[in-house]
Amino acid sequence: MSIAVAIGGLAFLILIHEAGHFFTALAVRMRPRRFYIFFPPAVFKRVHNGIEYGIGAIPLGGYVKIPGMHKPAGGDLDAHFARALEEAPWLERYVAPAKAALDESDLDAARAAMPELRGAVGRADLAPPTRKSVERGVNDVDDGLSGDAYWRAPVWKRVAVILAGPATNLVFAVLLLAVVFMLGVPDKVEPVVDKVDPGTPAAQILQPGDRIVAVNGSPVTGLQISERIRGSNGKPVSLTVVRDGVRTTVQATPVQTEGAYRLGFTLTLLYKKYGPVAAIGLAGGRTWEVTKAIGSSLGHLVTGSGREDVASPVGIVQASSQTLEVDYREYLGVLALISLSLALLNLLPFLPLDGGHIAFSIIEGIRGRAISREAYERASAVGIVLVLFLFFIGLSNDVGRLRGG
């Protein structure tokens, strides 16, 4: 159940990210064509008011298809019709006028040629993969020629649409952290046993409600108890316990778990709650601190010293499900930090990430003309390699953790 909730939380963060793009695109009159959580192939899809909504099978993100991300060119038709012209050479007389118009940037003539080209494709006897390719090509060119195409919009509209996804994750992170501060955050550790793990040394000597007043004969505070047990280096530890008003001394030998010596019990945490205004202020401050830490980690990643901190979706689900088993407030806090991480990762200035699209839109605004499709594709190829590199580092780390390595 905890894993299912963790997966649901990650899917929700993707949903609100894509919703940010989607609704902002609608607001500036760029009507999206698709809205997907996760990547295709689709396990579910439905068309409503001309927009295809779906859930993909590959849980690595999501996407909103905005029409005409690039100005259409004749090369777009070449790429999609190469196989079709081998199977049905007569299509050339319908492809050629549209291609020539696109090469000459005569968009009105290209738009006028598209209905005949689409009709010819419908009549052609093509293999299913070929038909799928040419239909996708015709649709993409049609989208690029439409009045609501992304490439036609002013720079501020393009930046707004792309920035809306990370911004939604950022705002959600701050608001969710504020909720956590209002629900209460750990403020003090009481030296009272809250839970005893079965099958551990503590299960033989302790029970919930025991108050620990000394470790190895020395008085301790709540924070000092775990420090003394971890510092035992596996030697027997004696605990002075008050149970039902009776003071007694018990002894057990800590065992090493997850790199530290433990007896297997948790102490009682006291939580402090904040009002809405104070909570938002604290959430904003915590968000800024984590942002700086993530920025520093990315810098260390370049030198190789921060690679062990990278996690894939597998590790994210594992970590968030574990916090859910501890306390729902811990889970909400982790979910907020994952949302912040998604926002910051997507703002990296590499295509196909949002930050790359923002950077290219600003450059086009400064240049006063569009960057070629080829330049976009080359930059995207580099960006995809970098993203896959991060993914495989994270996945290898997660596999190591799952194996106990």
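Criteria and cut-off values
- Each residue is numbered by its place in its chain's sequence as written, counting from 1.
- In keeping with the predicted nature of the model, local features appear solely for residues at pLDDT of at least 70, side-chain atom pairs appear and are counted solely at 80 or more, and the whole-chain, interface and lining totals rest on all residues.
- Neither water nor hydrogens contribute to the side-chain values; these are computed over all heavy atoms in the structure.
- Counting from the N terminus, the helices are the DSSP runs of H or I reaching at least four residues and the strands are the DSSP runs of E reaching at least two.
- Buried, partly exposed and exposed residues are distinguished by accessible area as a fraction of the type maximum, computed with a 1.4 Å probe on protein chains only: under 20%, between the cut-offs, and over 50%, respectively.
- Here a residue-residue contact requires only that any non-hydrogen atoms of the pair lie within 4.5 Å.
- Per-residue and other accessible areas follow the Shrake-Rupley method at a 1.4 Å probe size, with only the shown protein chains counted as cover for residues.
- Patch construction takes residues with relative accessible area above 30% that form no salt bridge. Like charges are linked within 9 Å, and nonpolar side chains (Val, Leu, Ile, Met, Phe, Trp, Tyr) are linked within 5 Å.
- When a carboxyl oxygen of Asp or Glu is within 4 Å of a side-chain nitrogen of Lys or Arg, the pair counts as a salt bridge.
- pLDDT: the predictor's confidence for each residue, scored from 0 to 100.
- Grouping buried Ala, Val, Leu, Ile, Met, Phe, Trp, Tyr and Cys residues that are joined through side-chain atoms within 4.5 Å yields what is termed a nonpolar core.
- To define axes, lines are fitted to C-alpha atoms, for helices over the stretch in contact only, and angles between the resulting N-to-C directions are given on a 0 to 180 degree scale.
- Each angle is binned into one of four classes, with values under 35 degrees roughly parallel, values over 145 roughly antiparallel, values of 65 to 115 roughly perpendicular, and all other values oblique.
- Handedness of a crossing follows from how the near helix is turned relative to the far one, being left-handed for an anticlockwise turn of less than a right angle and right-handed for a clockwise one.
- Note on residue classes: Ala, Val, Leu, Ile, Met, Phe, Trp, Tyr, Cys and Pro are nonpolar, Asp, Glu, Lys and Arg are charged, and everything else, Gly too, is polar.
- Pairs of strands are assigned from DSSP output, requiring at least two bridges between the strands.

### Quick notes on the overall build of the chain
1) Next: Broken down by element type, the chain carries 12 helices and 10 strands.
2) Next: Here the chain holds 405 residues, and the buried ones make up 41% of them.
3) Next: A sequence separation of at least 24 residues applies to 66% of the contacts in the chain between residues at least 6 apart.
4) Next: About 21,500 Å² of surface is accessible on the chain, with carbon and sulfur atoms providing 60% of the total.

### Quick word on a nonpolar patch on the surface
1) Next: On the surface, V43, F44 and I55 cluster together to form a nonpolar patch covering roughly 290 Å² of accessible area.
2) Next: Within the element layout of this structure, I55 appears in strand β2 (residues 51–65).
3) Next: Judged by relative accessible area, which is 36%, I55 ranks as partly exposed.

### Thoughts on the pattern of salt bridges
Opposite charge on two side chains makes pairing possible when the charged atoms of those side chains draw close.
1) Next: Enumeration over the complete set of coordinates arrives at 16 salt bridges.
2) Next: Taking the shortest distance from any N to any O, the salt bridge between D140 and K65 comes out at 3.1 Å. Highlighted residues: D140 in helix α5 (residues 128–145) and K65 in strand β2, separated in sequence by 75 residues.
3) Next: The exposure class of D140 is partly exposed, given its relative accessible area of 30%.
4) Next: For the salt bridge of R131 with E135, the shortest nitrogen-to-oxygen distance reads 3.9 Å. One end of the pair, R131, and the other, E135, are both in helix α5, four residues apart, so they sit about a helical turn from each other.
5) Next: By sharing partners, the salt bridges in this structure join R33, K65, D140, D143 and D148 into a single network.

### Structural notes on the side chain of S238
1) Next: With respect to the helices and strands, the residue S238 is situated in strand β6 (residues 237–243).
2) Next: The exposure class assigned to S238 is buried, which follows from its relative accessible area of 17%.
3) Next: Apart from the residues within four sequence positions on either side, S238 is in contact with A214, V215, N216, G217, T249, V250 and Q251.

### Comments concerning the confidence of the model for the chain
1) Next: Summing up the model confidence of the chain, the mean pLDDT is 84 and the portion of residues at 70 or higher is 87%.
2) Next: Highest mean pLDDT in the chain belongs to helix α6 (residues 155–183) (94); lowest belongs to helix α9 (residues 313–326) (50).
3) Next: Across residues 310–315 the pLDDT falls below 50, and counting only partners more than four positions away or on other chains, this stretch makes 21 contacts in the model.
4) Next: With pLDDT under 50 throughout, residues 397–405 is counted as low confidence; its partners more than four residues away or in other chains account for 15 contacts.

### What about the nonpolar core?
1) Next: Ranked by internal contacts, the top residues of the largest apolar core, which has 23 residues, are L77, F81, M114, L117 and L145.
2) Next: Going through the elements one at a time, α2 (74–87), α3 (92–103), α4 (107–123) and α5 are the ones with two or more residues in this core.
3) Next: Per-element accounting of this core gives the leading share, seven residues, to α4.
4) Next: One finds A25, V28, V161 and I358 within the second-largest nonpolar core, a separate group that totals 19 residues.

### Remarks on the packing of α2 against α3
1) Next: Between α2 and α3, the shortest axis-to-axis distance is 9 Å and the interhelical angle comes to 165°. As summarised for this structure, α2 and α3 are arranged roughly antiparallel, according to the angle between their axes. α3 is crossed by α2, and the crossing has left-handed handedness. Counting all contacts with α2, which are made through G74, G75, L77, D78, F81 and L85, the residues of α3 involved are E92, V95, A98, K99, L102 and D103.
2) Next: Classifying every residue of the contact of α2 with α3 gives six nonpolar, two polar and four charged.

### Some words on the pairing of β6
1) Next: Among the seven residues of β6, five are classified as buried, and the element is accordingly described as predominantly covered.
2) Next: Note that strand β4 (residues 211–215) and β6 share four bridges and pair antiparallel. Bridge assignment links V215 to a residue of β6, and that residue is L239.
3) Next: Counting the residues in the hairpin turn of β6 and strand β7 (residues 246–252) gives two residues, including D244, whose phi is positive at 55°.

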